[in-house]
Amino acid sequence: MGITKKNLDLTYHDDSWIKNGYTLRRIIGVLGMSLPVLLYLFLWLFSGHTKVLPSISHYYFTRVDGIVIIGVGVMAMFLIIYKGKAPIDFWISLVAGVSAILLLIFPTSSLISSYPDANIPFSNTVLAANSLREKFHFICAGIFLVSLAYMSLFIFTKTNKPKGQLGRMKNLRNKIYTTCGLLMI
């Protein structure tokens, strides 16, 4: 198998974008719904901690920080590369992806405010309080969730068929997207 012109073709191909919205919805949905469960489960397995933390963002400071970073990072990556069918699909998805990355870069308040003992057995990171960082985190988290809710309510439920002609599965998916969107709000 020698080097051919085809092997050396370095021209731009539009194949790096996720064009199938169903694939994006499935990936984001599975990650989004499983993340809280995985975080709780693995923190319990690794440290025996059984209480739910104040927010998903607080798991960033625990022994399951890798799951937070990878889970949110993968969601951000897929959101950023999603092209969608209309320009608004791309822009809302891009905003959601960028805000997800920013909420990882600027973490929320440390667990020390909820658990004053500095030797928390399930914690591995303590950051000094910084109200600017914490406010920016909440703004990014809000933008992330509102963007996902918008996508769930208005983008994922789009169709080119009249309401009466939708199939049973499309109707079911639309109900799930609408419920998830309303729950995020």
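Cut-offs used in this document
Residues numbered from 1 in each chain as written. Predicted model: local features only at pLDDT ≥ 70, side-chain atom pairs only at ≥ 80, totals over all residues. Heavy atoms only, no water. Helix = DSSP H or I, 4+ residues; strand = E, 2+ residues; numbered from the N terminus. Contact = heavy atoms within 4.5 Å. Areas by Shrake-Rupley, 256 points an atom, 1.4 Å probe, with all protein chains shown as cover. Axes fitted to C-alpha atoms, helices over the stretch in contact; angles between N-to-C directions. Parallel < 35°, antiparallel > 145°, perpendicular 65-115°, else oblique. Left-handed = near helix turned anticlockwise from the far one by under 90°. Nonpolar A, V, L, I, M, F, W, Y, C, P; charged D, E, K, R; others polar. Salt bridge = Lys/Arg side-chain N within 4 Å of Asp/Glu carboxyl O. Buried < 20%, exposed > 50% of the residue type's maximum accessible area, 1.4 Å probe, protein only. Core = buried A, V, L, I, M, F, W, Y, C linked by side-chain atoms within 4.5 Å. pLDDT = per-residue confidence, 0-100. Expected span 1.5 Å × (residues − 1). Arc of directions from axis to C-beta.

Peer 1: How would you sum up the overall build of the chain? Please name residues and give values.
Peer 2: Within the chain, the secondary structure is distributed over five helices and zero strands. Helices and strands in the chain line up, N terminus first, as α-α-α-α-α. At a minimum sequence separation of 6, the contacts of the chain that also span at least 24 residues come to 68%. Element-wise, carbon and sulfur atoms account for 69% of the exposed surface of the chain, whose accessible area totals about 11,500 Å².

Peer 1: Outline the environment of Phe78, listing residues and values.
Peer 2: In this structure, Phe78 sits in helix α2 (residues 65-81). Phe78 sits 54 residues away from Leu24 along the chain, and the two C-alpha atoms are 7.0 Å apart.

Peer 1: Quick rundown of the packing of α2 against helix α3 (residues 87-105)? Include the residues and the values.
Peer 2: Any two packed helices are characterised by the angle at which their axes cross and by the distance between the axes. Orientation of α2 relative to α3, taken along the N-to-C sense of each, is 155°, at an axis distance of 7 Å. As far as their axial angle goes, α3 and α2 are roughly antiparallel. In this structure, α2 crosses over α3, and the sense of that crossing is left-handed. From α2, Val68, Ile69, Val72, Gly73, Ala76, Leu79 and Ile80 reach across to α3, where they touch Phe90, Ser93, Leu94, Ala96, Gly97, Val98, Ala100, Ile101, Leu103 and Leu104. Among the residues making up the contact of α2 with α3, the classes are represented as 14 nonpolar, three polar and no charged.

Peer 1: I'd love a proper account of the pattern of salt bridges, names of residues and values included.
Peer 2: Per the counting criterion, the structure on display carries two salt bridges. Notably, a salt bridge pairs Lys158 with Asp89, separated by 3.0 Å at the nearest N-O pair. Of this pair, Lys158 sits in the loop between α4 (131-155) and α5 (168-184) while Asp89 sits in helix α3, and the two are 69 residues apart along the sequence. Judged by its relative accessible area of 3%, Asp89 is buried. Between Arg133 and Glu134 there is a salt bridge, with its nearest N and O atoms 3.6 Å apart. For the pair Arg133 and Glu134, a shared accessibility class is recorded, and that class is buried.

Peer 1: Give a description of the nonpolar core that names residues and reports values.
Peer 2: Formed by 33 residues in total, the largest nonpolar core has its most connected members in Leu24, Val72, Leu79 and Met151. Residue assignment for this core shows that the elements contributing at least two residues are α1 (21-47), α2, α3 and α4. Setting aside residues up to four positions removed in sequence, Leu79 forms contacts with Leu24, Ile28, Ser93, Leu94, Ala96, Gly97, Phe144, Leu148 and Met151.

Peer 1: Outline the confidence of the model for the chain, listing residues and values.
Peer 2: Chain-level pLDDT for the chain is 85 on average; 86% of the residues reach the 70-or-more range. No element of the chain has a lower mean pLDDT than α1, which averages 86, and none a higher one than α3, which averages 96.

Peer 1: Can you lay out α5 for me, pointing to particular residues and giving the numbers?
Peer 2: Counted at 1.5 Å a residue, the expected span for α5 with its 17 residues is 24 Å, and the 25 Å between its end C-alpha atoms agrees. Along α5, the positions that sit buried rather than exposed are Lys170, Asn174, Tyr177 and Gly181. Buried residues of α5, seen end-on, are gathered within an arc of 65° and therefore sit on one face of the element. Those residues of α5 that are exposed and aimed more than 90 degrees away from the buried face are Arg168, Lys175, Leu182 and Leu183.

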